[in-house]
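# Summary of the model geometry
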Amino acid sequence: MEAELILLRHRQIPEIDKLEVYRKNGGWEAFRKVVTTMQPDAVTDVVKASGLRGRGGAGFPTGLKWSFTDKKVWPHYVVANADESEPGTFKDREIMESNPFQFLEGVAIAAYAVQAHAAYVYLRGEFWQIGAQLDDKIAELEAAGVLGDNLFGSSYSLRIYTHLGAGAYICGEETAMLESMGGLLGQPRLRPPFPPSFGLFGKPTVVNNVETLSNVPLIIDRGPEWFRKTGTEKSPGNKIFSLSGRVNKPGNYELPLGTTFRTLIYECGGGIPGEGKVKAIMPAGASSSLIVANDKALDTPMDYESVPAVGAQLGSASVIIIDDTVSIDWLIAKTVRFFQHESCGKCTPCREGTYWMKHITNRITQGQSGPEDLQLLYDVASQIKGKCLCALGDFSTEAVLTGLDRFRGDFEAKVNAAESRAADNRTADNRAAESLAVESRNH
Amino acid sequence: MNSLIEKYPQDVQKILGKYPADQKRAAVMPLLYLAQRELGYVTRQALVDIASLLEISSTEVASIVGFYTLYHGEAGGKYRIQVCNDLPCALRGADDFLQKLCENLGIRVGETTADGLVTLEAVTCLAGCDRAPMFQVQTGDGLTYHENQTVESTLALVEQWKSEAEAARAAALAAEPADAPETLAGDMLTVEAGEQEEVLVTAEQGITRQPADKRIHIQELGGQ
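Small disclaimer: the values here were computed from a predicted structure and weren't measured.

### Examining the overall build of chain A
In terms of helices and strands, chain A carries 18 helices and nine strands. Taken over the C-alpha trace, chain A has a radius of gyration of 23 Å; the compact-globule value for 443 residues is 22 Å, and the two agree within 12%. Looking at the 443 residues of chain A, the share that counts as buried comes to 57%. A separation of at least 24 residues holds for 71% of the contacts in chain A among residues at least 6 apart in sequence.

### Here's the deal with the nonpolar core
The nonpolar side chains of soluble globular proteins are, as a tendency, buried together. Among the nonpolar cores identified, the biggest contains 182 residues, and V78(A), V107(A), I109(A), A110(A), A119(A) and L32(B) are the most heavily contacted of them. Counting residues per element, this core draws most heavily on helix α6 (residues 100-113) of chain A, at 10 residues.

### What about the interface of chain A and chain B?
Listed per partner, the contact involves 38 residues of chain A and 33 residues of chain B. Contributing elements (two or more residues each) for the side of chain A that touches chain B: α7 (128-143), β3 (159-164), β5 (238-245) and α13 (328-342) of chain A. For the side of chain A that touches chain B, the element with the highest residue contribution is α13(A), accounting for six residues. Taken together, the residues that form the side of chain A that touches chain B break down as 16 nonpolar, 15 polar and seven charged.

### Quick notes on helix α11 (residues 261-268) of chain A
Residues and elements named next belong to chain A. Residues F261, L264, I265 and C268 constitute the buried set of α11. All buried residues of α11 lie within an arc of 120° about the axis, which places them on one face of the element. In this fold, the buried residues of α11 make contact with β5, β6 (251-256), β7 (278-282), α12 (295-298) and β9 (318-323). Immediately beyond the C-terminal end of α11, within one or two residues, lies G270, with a positive phi of roughly 70°.

### Considerations on the environment of S327(A)
Residues and elements named next belong to chain A. Of note, S327 is situated in the loop between β9 and α13. On the basis of neighbour count, S327 is assigned to the partly exposed category, with 18 C-beta atoms found within 10 Å. Remark: the alpha-carbon pair of S327 and E94, spanning 233 residues in sequence, is separated by 31 Å.

### A word on the domain arrangement of chain A
All names here are of chain A. When the domains of chain A are assigned, the result is domain 1 (9-227), domain 2 (238-323) and domain 3 (328-442). Contact residues are listed per partner, giving 10 residues for domain 2 and 11 residues for domain 3. In the side of domain 2 that touches domain 3, the residues fall into six nonpolar, four polar and no charged.

### Things to note about the domain arrangement of chain B
When its domains are assigned, chain B resolves into domain 1 (3-67), domain 2 (79-175) and domain 3 (182-219). Put simply, the middle of domain 1 of chain B and the middle of domain 2 of chain B, counted by C-alpha atoms, are 28 Å apart.

### Describing the packing of helix α3 (residues 40-50) of chain A against helix α9 (residues 210-222) of chain A
Residue and element names in this part refer to chain A. Between α3 and α9, the least distance of the axes is 10 Å, while the angle of their chain directions is 100°. Taken together, the axes of α3 and α9 lie roughly perpendicular to each other. Mapping the contact onto sequence places V43, V46, V47 and S50 in α3 and V216, I219 and I220 in α9. Residues of the contact of α3 with α9, tallied by class, amount to six nonpolar, one polar and no charged.

### Focus on helix α2 (residues 29-37) of chain A
Residues and elements named next belong to chain A. Every buried residue belonging to α2 is among A30, F31, V34 and V35, and all of these are buried. The buried residues of α2 occupy one face: seen down the axis, they fall within an arc of 125°. In α2, the exposed positions that point more than 90 degrees away from the buried face belong to T36 and T37. Where α2 is buried, its residues touch α3, α6 and α9.

Rules used in this analysis
Residues numbered from 1 in each chain as written. Chains lettered and ligands numbered in written order. Predicted model: local features only at pLDDT ≥ 70, side-chain atom pairs only at ≥ 80, totals over all residues. Helix = DSSP H or I, 4+ residues; strand = E, 2+ residues; numbered from the N terminus. Rg over C-alpha atoms; globule rule 2.2 N^0.38 Å. Buried ≥ 20, exposed ≤ 12 C-beta atoms within 10 Å, placed from the backbone. Contact = placed C-beta atoms within 7 Å. Core = buried A, V, L, I, M, F, W, Y, C linked by C-beta atoms within 7 Å. Nonpolar A, V, L, I, M, F, W, Y, C, P; charged D, E, K, R; others polar. Arc of directions from axis to C-beta. Domains from an automatic or database assignment. Axes fitted to C-alpha atoms, helices over the stretch in contact; angles between N-to-C directions. Parallel < 35°, antiparallel > 145°, perpendicular 65-115°, else oblique.

Dropping the structure here:
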């Protein structure tokens, strides 16, 4: 029998995006239950007991995050992170498009748990149509008396609003998102203070990913023990894996945490096209380290604890498959271009470092580099890593450093070929990069 | 007078109502989308209007326009085709797709076709990785996704826009009073207010060939 999906429920329950169908399947009963029968802290305790961890990338325990909300300062806010912008990630979009009420109910329950009376859904600007659909759903909920004032005869009131971003990856970083919502440039804040004490408009704020929040209604409805029946002990529940790259059947797959890469790639994704063999796996989108796809890696369970053992993070579980037709120097030129474009410019190592990495990786891919550029690239990436205000800078180096370490042959083939063509075909650009690196080494 | 409030009184009130009264500044992003609705870009006057509405400086509003990729400070094509060629899409042929589009449209990435209809742009991930090649189309009115695309399907879309534009132009001509000045027939480009003289050139001369610092602004007769 096919396992029950708990997030992509529209695949098993047709028209669950219609309010009456969602309600017929128990929808909005969990919210009614918390508002009419539970203390706010008790809701947080249930989520804590479920072991739910944030699905946006960091894997932080959700209930614990809620419990940090500062009760001395009011009002509180909830912000749903619907900025989904990591290359390779397209899961939140499917939830919001096809199972929107479950997501909105999760937002509402989170808001009740921290006693927020306003919640915002921050959507990336590209999700314009989804934003308009959510606006319609919210209006429908207000008309049905499920959102609004004095809900279910209680004194609790809640409004949910959508807010569109305008094309900036960095706004997926929670403090950049809060700045952006406040009408400022979307640049990360220096932390602490963290959002539970100083968040939106300077008030205590819970920021959760769309997929995280979408888990909450069923956890309340069926209990934390039920939730723990799937997944692993430390990473309970199901997770949506966005599978892309060189596979026959890319797409979203909802699977228990702890499912192996092999199952995802071959059973769900139908394997690699043609005669190709899987060469590398990026489990966390463009931010990911490159895993060498040997048998050990393929048999690794995809959960927050096991993936680090093969030298990467699970992140948002956007699994990009690289086959043996792809040269890794080309791949990192792509990821670096992305991060250079998306660097917000606030801190120097990221702003300058991604710029230089872009130039060096382009040069390598275009066959204009000698072997010394590999060391230069490694040095620049090492100067970025661990020295930035937010994770974006670090992310920009993951594929670069692991690519150079684990797929050295691809780079050497490129630079050696270039070297034999013209040993002294050096550009002014190259010399400038070298002097920069020397300069920074001397500091 | 604030032209945004004049044009869209209800929208402005609705947007302001989303945020706490002492946090008006939060409305800057939705107001910029509103300001972009008609022309597909934010005029200098709109910067001033938004600034006065939110009690911030127009420089601060302009910095928001500059920071985000979906706001435009200058006119582009009526339709902006924004192709994702990030890693996952590139693994499914997006680079090749983009290059062939350029060849067929006769423009490079970042340029606008001579008729002012299409601007072609390469953008970062749009969360459509499993359905590449894919792109979004941005107009003043919003964004639409187009996934699992081919060069042929995309060119067919462009042809459709062309015939729609033709039809709109014909309708505008038919509605035009008989004694309208000859020069007003068809699309025109005007140098925006702020420049001293007003220069009229016909659209056939092509937007991309105008110097970028001239801040040209398309005036489409017949409206949207």
